[in-house]
Amino acid sequence: METERKARPVEKSTPVSKATSNVPAQAAGPLLSVAGLHRLQHTVGNRAVLQMMRDRRRAQMQPVQTEQRGQVLQGQFKYTNNIDLSRKNGKEEAQVSPGSLTVGALSLPASYRPPTQFGIEQKAHSISWTLLKQAYENVGNLDEKLTVEKFINEYLKKDWAALSEQKPLLEEDEDNETLTNAYAAFNRFLGEYPDSFFTELVTQSKSAADWSALVQKCVSDLFVATQLAPLTTHTGFTAVKGASSKGVQEHRPSNHGEGYANRKLRELEAELKQGKSVSGQTVEECAAMYWDPGSDREGGISDLKELQYLKAEFLKAFERAYPNIWKAHAADVKKVFTSVADKKPNAEADAEAEVEAAVKEEDEEKEEPGKQQFQALLQVEEKDTGGNLQRFPASEFDVDDLKLSNDRPPTKYGPIGQKSHTVSWSLVLQGLQKAASGKDLSQFLSSLLSRWTFLNDQDWEGMIDSELLNASDFKASTKPSTVQSAQKVNKTRLEQVQALIEPNLTRLNAALSGLCLTGLEWKNLLQTTISDYVVVYQSSPLASYKDGMPKGNGESDANKWLTHREYYLTHADDEKFDDEAKELMETQWEKKFKYEFDKKSRGGNPVRYQDKDSEEISKSKAVKNLIGKKGFTDDTQKDMDRLLVKQEALKHLDVSWNTFKSGRMTTADKMKYMSMVLYEWESAVAEAYPKVGESHGQELRDYSDLYAVSDTMNEDLIEQKVEEKRESLKDKMLEDGELEKELEQVRAEHEGKVFILSPIMDRTRNAYQNVAPDSASVQASPEYDKGLASARGGAREQNGSEAYKLAMQHYQSGMEKAQGEQAKPAEKAAAAGYDDYRRGVSIAQSDGALPAEAAAKTGFADYHSGIFDAQIQAAKGTGGRGVGYEDFMRGTQDRDQDPSGMVQEPDCYGYMAGFRRPQDGGARSTSPSPKKKIKQ
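Here is a short report on the structure shown in this document. (Residues numbered from 1 in each chain as written. Predicted model: local features only at pLDDT ≥ 70, side-chain atom pairs only at ≥ 80, totals over all residues. Heavy atoms only, no water.)

### Brief notes about the packing of helix 14 (residues 425–436) against helix 19 (residues 519–539)
When two helices pack together, their arrangement is captured by the angle between the axes and the distance separating the axes. Defined as follows: Axes, fitted as lines to C-alpha atoms, cover a helix only where it is in contact. Angles between the N-to-C directions of the axes lie from 0 to 180 degrees. Secondary structure elements follow DSSP: runs of H or I of four or more residues count as helices, runs of E of two or more count as strands, with numbering from the N terminus. Small angles under 35 degrees read as roughly parallel and large ones over 145 as roughly antiparallel, with 65 to 115 read as roughly perpendicular and the rest as oblique. Crossings are sorted by hand: turned counterclockwise from the far helix by less than a right angle, the near helix makes the crossing left-handed, and turned clockwise it makes it right-handed. Should any heavy atoms of two residues lie within 4.5 Å, those residues are counted as being in contact. When residue character is reported, Ala, Val, Leu, Ile, Met, Phe, Trp, Tyr, Cys and Pro are called nonpolar, Asp, Glu, Lys and Arg charged, and the others, Gly included, polar.
Put simply, helix 14 and helix 19 touch, their axes get as near as 12 Å, and they point 155 degrees apart. The angle between the axes of helix 14 and helix 19 places the two elements in the roughly antiparallel class. For the element pair helix 14 and helix 19, the recorded crossing hand is right-handed. For the pair formed by helix 14 and helix 19, the contact residues are Trp425, Val428 and Leu432 on the first element and Ile530, Tyr533, Val534, Tyr537 and Gln538 on the second. Split into classes, the residues belonging to the contact of helix 14 with helix 19 amount to seven nonpolar, one polar and no charged.

Below is the structure:
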């Protein structure tokens, strides 16, 4: 579609700058001084220096392969979340004890750390944060799974009790608000989880889903509280005790090499599990990297009683994290406490820690993630013994809440950073959270299916085959082989990420095709697919792009004012929303508009119009000049609301035609993918802020519809129209010059016009707004066939994937439909259950051997039960029972009409049983005879 209104200036195809392409050669060497570090940071920026350090460290280490899959560790990001479900209308599931459930995989946020007593700055950890996390994450790898009851007693109860021992150390500091607030929060946690809480807890019965949610919360709260505890962190990295302050000041806590220790100790743990021996000295050296109480420095922990406490906690955590190493080398681990004083701080590790903190601060200033928290991801498991678990469809459940961690998986650029997001990360998470909370489970599943379909329709193959990483992303001295190795590792990771799409689509299609699950199974399904979705989304082709260094677009400001608008629209008509509060919010909104579009109030800087439409810019100036004046009408108010909402919403969008700069993309490809990004943005705003979407969604859709193509693309589209005209005229006999005249007329018709995305946006919205579940794809999956085979074989325990369970449930449903004499169902497994049952009845009629298939056995048994029903003059049943009943009664009637007891031809089993029924009360054989005439 074209328009003469050039609303948005057409973008030029300019080369993309590379902010990190010129790292100086001297960066290749070690950083010998803090001053040298600062000079380098000032020259090339924090991110470039940090990447340079990581490159050098990676060059010194071989990638570690995991024991299970052989994947590079970089590709094993697990996004954590916690979802709460409830049965509709207050219905409850079966109540069980914690001893009947087991603890499976447990994951904690990979990069996000809750604030410590020192706030977001963290400071130094007495015991490595990564060791504390691994102590819990290893619970799913134990040789013998723990019951929930044992996990509560051996982990949660003990660790909360240990934290409570630090309560006497809490001291108020009126001059330190951060510390006072941290200790107050820590004290509240201790009040919520006293020892008596866990003693009473393990005696209770709850639904399996409730146990999972509660334990998940206890773990999450434990780690948040641990961060706040007085002995978890310290400032013992600022000055050596007794030394002159000159030359010993440091700005950041030391990095003692936990990353290396993690990798090496995992290797040693695996070797010991295989029966190999390992070096005790290596164990000691690696364990020492986890221990840093800062005892030799001001601000560290040197009190003997406090150190004894920390040592006990350290050893407990190490034993849990590495049980095989502990069993073989506990003595070597304990040597840490005597040898650690001889450790020399690693100057380069200190420098890297400083740069990491600087980058973190930049990220925090750039984008506010919203109200996301630290969340544990836990898989509690219930054993389906004998198929006796009660399962219900999604329509029986509501989603009460979804909590998402403030964590960021890698984007498609892997080791070189997140780069720029087309739609802001904070908006993506807010939209996902709002799409779940308070919704019907079926509704949320449909939303997830749309999201996964959206991911599946992107150009993964093109992205994976392209050079996402190139030499300019690394320091100048990096060897080509190192760049190639990084490219290969990242490509493998992306292939693994893409491979998550198909099983999740199958899972959701099964869930929306009548699948019935327990509350716990629904919870585990959702947490798994949400975790996978966030990881896949981050690495998807359209989520990010590389255009120099990413800069903040004001997402935090957008979140603030869109939330303001959402609250106003939600409560404007409430009786409790008094006139004074309403007027205050309206005044704040007007002030924000004036500030947003008034360059004087912005320090003389040019106004940054998010929408470059000339008419919209003129309208915003006109509205600003009317605020507070007589000419301010209702229409002016509507324009003000519309313009400011759009201005804030567009701060969450960062895309241009340069985003799609791949040489293999056609103009049609670029328009398709731009429409997808715009659709994701407009729908994410509507999900994150429902009332804003309801009142202002059309303005956002208009922006997308009127998005104009670039000059180059416009020329290409015009030429396509010319070629279409040429093709339509090829069979016509035109005189010389007539063809060119016709073609020039086409060009003239498009002169001064620009193509916009309106028709493509319509197709995109229709494609993803209501994605219908694809039951056929589920039935074609190998897992569905496995479930059908298990069901036919007589298995009742539904311990498998969602497609597996659906097949078993379909088979049972088909058999029940045959029993009830209903129409044959269409689903593959249901049809098999239907046919098997009827075949079992047929086999029983012909006095055949007991069939093997479960439904056939049921049909066989029902037929004989029907004969018995007739013998005892019970009511006639349906299905096989009805057939057996009728056959017997038919034989009985014929016998009554033929007192001689002779039959000309042998009939079916039930008929012969009825025909030869005993008349004198004695037992008679009911097996039919092959003889044509049978005398009773």
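### A short note on the nonpolar core
A general trend in soluble globular proteins is that nonpolar side chains are found buried together. To keep it simple, the criterion reads: We define the nonpolar core as a collection of buried residues of types Ala, Val, Leu, Ile, Met, Phe, Trp, Tyr and Cys that are connected through side-chain atoms lying within 4.5 Å of one another. Burial classes: relative accessible area under 20% of the type maximum marks a residue as buried, over 50% as exposed, and values in between as partly exposed (1.4 Å probe, protein chains only).
If you look at the biggest cluster of nonpolar residues, it comprises 141 residues, and the most contacted ones within it are Phe444, Leu445, Trp522 and Trp681. If one sorts the elements of this core by residue count, helix 24 (residues 667–688) sits on top with eleven residues. Aside from chain neighbours lying at most four places away, what touches Trp522 is Leu85, Phe392, Pro393, Ala394, Phe397, Leu441, Leu445, Ala511, Leu515 and Leu517. Core analysis: the next-biggest nonpolar cluster, separate from the first, contains 75 residues, Trp160, Val215, Val219 and Ile301 among them.

### Observations regarding the packing of helix 23 (residues 634–649) against helix 25 (residues 690–705)
For the pair helix 23 and helix 25, the least separation of the axes is 10 Å and the interaxial angle reads 75 degrees. Considered as vectors, helix 23 and helix 25 are oriented roughly perpendicular to each other. On helix 25, the residues touching Asp641, Arg642, Val645, Lys646 and Ala649 of helix 23 are Val692, His696, Glu699, Leu700 and Tyr703. Residues of the contact of helix 23 with helix 25, tallied by class, amount to five nonpolar, one polar and four charged.

### Some words on the environment of Lys167
The following threshold applies: N or O atoms within 3.5 Å of each other form a polar contact, as long as, within protein, one can give a hydrogen and the other can take it, and as long as residues adjacent in sequence are counted only when both atoms are side-chain atoms.
Among the secondary structure elements, Lys167 is positioned in the loop between helix 4 (148–164) and helix 5 (177–192). Each C-alpha atom of the pair Lys167 and Leu190 lies 8.4 Å from the other, and the pair is 23 residues apart in sequence. When sequence neighbours within four positions are dropped, the list of residues in contact with Lys167 reads Asn187 and Leu190. Of the polar contacts made by the side chain of Lys167, one reaches the side chain of Asn187; its length is 3.5 Å.

### As for the pattern of salt bridges
Using the following cut-off: Each reported salt bridge corresponds to a side-chain nitrogen of Lys or Arg within 4 Å of a carboxyl oxygen of Asp or Glu.
The full count for this structure, using the stated rule, is 53 salt bridges. Notably, a salt bridge pairs Arg320 with Asp159, separated by 2.7 Å at the nearest N-O pair. Of the two residues, Arg320 sits in helix 10 (residues 304–321) while Asp159 sits in helix 4, which places them 161 residues apart along the sequence. Accessibility assignment for this pair places Arg320 and Asp159 in one class, buried. For Arg890, the salt bridge goes to Asp907, with nearest N and O atoms at 3.0 Å. Here Asp907 lies in the loop between helix 34 (880–897) and helix 35 (909–915) and Arg890 lies in helix 34, a separation of 17 residues in the sequence.

### Some points on helix 15 (residues 441–456)
How we decide: Expected span of a helix, by definition, is 1.5 Å for each gap between consecutive residues, and there is one gap fewer than residues.
The end-to-end C-alpha distance of helix 15, which contains 16 residues, comes to 22 Å, matching closely the 22 Å that a straight helix rising 1.5 Å per residue would cover. Of all 16 residues that make up helix 15, twelve are buried, and the element is covered over most of its length. Every buried residue of helix 15 is accounted for by Leu441, Phe444, Leu445, Ser447, Leu448, Leu449, Ser450, Arg451, Trp452, Thr453, Phe454 and Leu455. Put simply, Asp440 is the residue that caps the front of helix 15, since its side-chain oxygen is 2.8 Å from the backbone nitrogen of Ser442.

### Regarding the side chain of Asp84
In this structure, Asp84 sits in strand 2 (residues 81–87). Residue classification places Asp84 among the buried residues on the basis of a relative accessible area of 19%. Within the local environment of Asp84, its side chain forms a polar contact with the side chain of Lys403, the two groups lying 3.5 Å apart. When neighbours within four sequence positions are excluded, Asp84 is seen to be in contact with Ala213, Asp398, Val399, Asp400, Asp401, Lys403 and Lys523.

Purely spatial values, then, with no claim about function.
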